[in-house]
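Examining the three-dimensional arrangement
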Amino acid sequence: MTDLLRALAGETPEKTPVWFMRQAGRSLPEYRELRVGTRMLDACLTPELAAEITLQPVRRHGVDAAVFFSDIVIPLRLAGVEVEIEPGRGPVFADPVRTAADVDRLTAIDPASLDGEAIAAAVRLTVAELGETPLIGFAGAPFTLAAYLVEGGPSKEHLRARAMMHADPEAWNRLAGWLARVSRRFLEIQRDAGASVVQLFDSWAGSLSPADYRAFVAPHSRAALDGIGLPAIHFGVGTGPFLPDMRLDGVADAVGVDWRMPLDEAVGLLGPDVAVQGNIDPALLQAPWEVLAAHVRDVIDRGRGARGHILNLGHGVPPETDPDQLTRIVALAHGEQD
Ligand code: CP3
């Protein structure tokens, strides 16, 4: 078993396992070069390209896991929803889903019918190259997907999605239930093609009150992951006020923690039955190495009380990051650098 899988199983790994959210992407010059002339979602659906981009950070940094190069909106594109990624902005939908009639039209699409062959082919190519290193498959959690879909694009407080929960709870639950099935299908395609861990990204869950998270979101996220048959990591940003709920009644094997809460405090809230992932502050990637190294050591120390600790950032790698900083963090976690 690799160190990542050991940490997820609650066993003691030989070395602290480490990977980075958004490790594949714009911080790497070799990524920027490969992406010239190809739109983001087209790159995700070109198996050779997606596999190569997934492998780049593994070769460069020696991380303990690959994370599949794709996007949370890919299964929606595969379901026939018109969506693009605008560079520097994020996902944009041609037809926002705002009314009960919009929800009806969308949920008439059967998630089981989406064509996952390009994804499966990319995962198979990646896994064949990875050898022992595990591939983390992922999907967007229903709320984070809805935050884009209801608004029509990126927003700060995700007001329209949060409003729908209260204005028309029946429509909201139908929409979130459908999104859970779409993301579940995306996870199953990656699992069946050889991914060995999954992560559910609920990046914007921190905009919810604990009561709304419990009533309108957690059951749908749980449905996306429950019974998937692989170790599961559940990640969100700003989820401190309801962190124990992120365990999804034990369905999550690890909970991702952002940089705002010291990891030992998170471990105290989560209890002894779950591993933690995090929580290097992405801002410190800009600091001199000695400053960053002291922060990384502190994060590792605070994670010692957990059932298992996977070292990662508190959110994704910012595009302007010097990739050498990431390579040094991996070496430090593996005891090969001071
Ligand atoms: O390395 C990895 O982490 C794997 C690949 C990955 C991408 N997106 C590639 C990507 C993963 C896991 C995601 C998930 C994702 N996509 C999330 C959840 C994670 C998070 O960061 O909170 C979200 C919210 C999205 C939606 C999305 N896609 C946004 C907000 C953006 C950024 C837009 C921009 O240009 O700043 C994207 C595009 C995207 N997804 C890029 C990458 C590498 C950048 C596109 C580019 O290179 O032009």
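Summarised in this report is the structure supplied together with it. Please read all numbers here as calculations on a predicted model, not as lab measurements.

Some thoughts on the overall build of the protein chain
- In terms of helices and strands, the protein chain carries 14 helices and nine strands.
- Taking 2.2 N^0.38 as the reference for a compact globule, 338 residues should give roughly 20 Å; the C-alpha atoms of the protein chain span a radius of gyration of 19 Å, in line with that estimate.
- C-alpha extents for the protein chain along the principal axes are approximately 60 × 45 × 35 Å.
- Counting across all 338 residues of the protein chain, residues that qualify as buried make up 58%.
- Considering only intrachain contacts with a sequence separation of at least 6, the fraction spanning at least 24 residues in the protein chain is 73%.
- Carbon and sulfur atoms provide 49% of the accessible area of the protein chain, an area that totals close to 13,200 Å².

Section: the sheet that holds strand S5 (residues 197–202)
- The strand order across the open sheet formed by seven strands is S1-S4-S5-S6-S7-S8-S9, and the pairing between neighbours is parallel. Only two strands of the sheet have a single partner each, and these edge strands are strand S1 (66–67) and strand S9 (309–313).
- Sheet analysis places S1 next to strand S4 (residues 135–140), joined by two bridges and oriented parallel. What sits directly across from Val-67, in S4, is Ile-136.
- Contacting S5 and strand S6 (232–236), helix H11 (residues 210–225) runs over the sheet at an angle of about 155 degrees to S5.
- The strands that helix H12 (residues 263–270) touches are strand S7 (254–256), strand S8 (275–280) and S9; relative to S8, the one it contacts most, it runs at about 155 degrees.

Details of the pairing of S6
- S6 sits mainly inside the fold: five of its five residues count as buried.
- The two faces of S6 match: Ala-232, His-234 and Gly-236 on one face and Ile-233 and Phe-235 on the other face are all buried.
- Note: S5 against S6, five bridges, orientation parallel. The residue of S6 that forms the bridge with Asp-202 is Gly-236.
- Between S5 and its parallel partner S6, the chain crosses via H11, and the hand of that crossover is right-handed.
- Sheet analysis places S6 next to S7, joined by three bridges and oriented parallel. Each bridged residue has a counterpart across the sheet, and for Phe-235 the counterpart in S7 is Gly-256.

Quick look at the environment of Ile-109
- Among the structural elements, Ile-109 can be located in the loop between helix H6 (100–107) and helix H7 (117–130).
- For Ile-109, a relative accessible area of 25% gives the class partly exposed.
- In sequence terms Ile-109 and Val-182 are 73 residues apart; their C-alpha atoms lie 9.8 Å from each other.
- Other than its neighbours up to four places away in sequence, Ile-109 contacts Ala-79 and Trp-178.

Some thoughts on the environment of Asp-249
- Relative to the elements of secondary structure, Asp-249 occurs in the loop between S6 and S7.
- When its relative accessible area of 65% is taken as the criterion, Asp-249 is described as exposed.
- Separated by 161 residues in the primary sequence, Asp-249 and Gly-88 have C-alpha atoms spaced 36 Å apart.

Thoughts on the site of the ligand
- In the vicinity of the ligand there are 26 residues, among which Arg-22, Tyr-31, Gly-88, Ser-203 and His-315 approach most closely.
- The separation between an oxygen atom of the ligand and a polar main-chain atom of Arg-22 is 2.5 Å.
- Within the contact set of the ligand, an oxygen atom lies 3.2 Å away from a backbone nitrogen or oxygen of Gln-23.
- Listed by contribution, the elements that provide at least two residues to the shell around the ligand are helix H2 (29–35) and strand S3 (90–93).

Rules behind the numbers
Residues numbered from 1 in each chain as written. Predicted model: local features only at pLDDT ≥ 70, side-chain atom pairs only at ≥ 80, totals over all residues. Heavy atoms only, no water. Helix = DSSP H or I, 4+ residues; strand = E, 2+ residues; numbered from the N terminus. Rg over C-alpha atoms; globule rule 2.2 N^0.38 Å. Buried < 20%, exposed > 50% of the residue type's maximum accessible area, 1.4 Å probe, protein only. Contact = heavy atoms within 4.5 Å. Areas by Shrake-Rupley, 256 points an atom, 1.4 Å probe, with all protein chains shown as cover. Pairing = 2+ DSSP bridges. Axes fitted to C-alpha atoms, helices over the stretch in contact; angles between N-to-C directions. Right-handed = clockwise from strand over helix to strand, strands pointing away. Near = heavy atom within 4 Å. Polar contact = N/O pair within 3.5 Å; in protein donor to acceptor, adjacent residues only side chain to side chain.

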